[in-house]
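# Examination of the molecular architecture
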Amino acid sequence: IANDCYRMGFFLISAKAFDVLERLDPDPEFWEGKRGACVGVFQQVIAGKAPKDDLRDVLTLVRSTSNPQVEYMVRIISKWASSNGVKL
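Here we summarise the structure given alongside this text. (Residues numbered from 1 in each chain as written. Predicted model: local features only at pLDDT ≥ 70, side-chain atom pairs only at ≥ 80, totals over all residues. Heavy atoms only, no water.)

### Observations concerning the nonpolar core
Counting residues in hydrophobic clusters, the biggest one holds 22 residues, and the most contacted among them are Cys-38, Val-58, Val-62 and Trp-80. Elements that contribute at least two residues to this core include exactly helix H2 (11-24), helix H3 (28-46), helix H4 (54-63) and helix H5 (69-83). If sequence neighbours within four positions are ignored, Cys-38 has contacts with Ala-15, Val-58, Leu-61, Val-62 and Met-73. (Core = buried A, V, L, I, M, F, W, Y, C linked by side-chain atoms within 4.5 Å. Buried < 20%, exposed > 50% of the residue type's maximum accessible area, 1.4 Å probe, protein only. Helix = DSSP H or I, 4+ residues; strand = E, 2+ residues; numbered from the N terminus. Contact = heavy atoms within 4.5 Å.)

Here you go:
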């Protein structure tokens, strides 16, 4: 489901599926899939193709991972949200 949704552009569903997989098995591929899907949601929000509220879900998913890249992603998304009047 995670990979199929990713390929179809349903990034939020993909990110949630990768999150479940990552919890069951901490394989780095699942983090990479979740990271890519979360960035996909962020891009869709910026392009106006996804609701801004989706960023809250993305931040929750990203923060549930213990990876050094998490803080960078959170900082970028939070900064964009702040600059664009999105309350997280």
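Okay, back to it.
### A word on the packing of H3 against H4
It is at 10 Å that the axes of H3 and H4 come closest, and there the two elements cross at 160°. The angle between the axes of H3 and H4 places the two elements in the roughly antiparallel class. Considering the relative orientation of H3 and H4, their crossing is left-handed. In contact with Lys-34, Cys-38, Val-41, Phe-42 and Val-45 of H3, H4 contributes Asp-54, Leu-55, Val-58, Leu-61 and Val-62. (Axes fitted to C-alpha atoms, helices over the stretch in contact; angles between N-to-C directions. Parallel < 35°, antiparallel > 145°, perpendicular 65-115°, else oblique. Left-handed = near helix turned anticlockwise from the far one by under 90°.)

### Some thoughts on H2
A rise of 1.5 Å per residue sets the reference length of H2, with its 14 residues, at 20 Å; its end C-alpha atoms lie 20 Å apart and thus fit the reference within 8%. Buried residues of H2: Phe-11, Leu-12, Ser-14, Ala-15, Ala-17, Phe-18, Asp-19 and Glu-22, and no others. (Expected span 1.5 Å × (residues − 1).)

### Focus on the environment of Trp-31
With respect to the helices and strands, Trp-31 occurs in helix H3. Taking C-alpha positions, Trp-31 is 7.9 Å from Thr-65, a pair spaced 34 residues apart along the chain.

### Digging into the packing of aromatic side chains
Tallied over the entire structure, the rule returns two aromatic pairs. Ring centres 5.2 Å apart and planes at 80° place the aromatic pair Tyr-6 and Phe-11 in the edge-to-face group. For Phe-11, a relative accessible area of 16% translates into the label buried. Measuring from ring centre to ring centre gives 5.8 Å for Phe-42 and Trp-80, while their planes differ by 85°; the resulting arrangement is edge-to-face. With Phe-42 in helix H3 and Trp-80 in helix H5, this pair connects stretches of sequence that are 38 residues apart. (Phe/Tyr/Trp six-rings, centres within 6.5 Å; stacked < 30°, edge-to-face > 60°.)

### Overview of a nonpolar patch on the surface
Nonpolar side chains collect at one region of the surface, where Ile-1, Met-8, Phe-10 and Ile-13 lie side by side and expose about 490 Å² of accessible area between them. With respect to the helices and strands, the residue Phe-10 is situated in the loop between helix H1 (2-8) and H2. (Patch = residues over 30% accessible without salt bridge, like charges linked within 9 Å, V, L, I, M, F, W, Y side chains within 5 Å. Areas by Shrake-Rupley, 256 points an atom, 1.4 Å probe, with all protein chains shown as cover. Salt bridge = Lys/Arg side-chain N within 4 Å of Asp/Glu carboxyl O.)

### Describing the packing of H3 against H5
Working note: a packed helix pair is described by the angle between its axes plus the distance between those axes. Running from N to C, H3 and H5 cross one another at 10°; their axes reach a closest spacing of 12 Å. Considering their axes alone, H3 and H5 lie roughly parallel with respect to each other. Judged by residue contacts, Trp-31, Arg-35, Cys-38, Val-39, Phe-42, Val-45 and Ile-46 of H3 engage Gln-69, Val-70, Met-73, Ile-76, Ile-77 and Trp-80 from H5. Taken together, the residues of the contact of H3 with H5 break down into eleven nonpolar, one polar and one charged. (Nonpolar A, V, L, I, M, F, W, Y, C, P; charged D, E, K, R; others polar.)

Any link to function would need more than the numbers given here.
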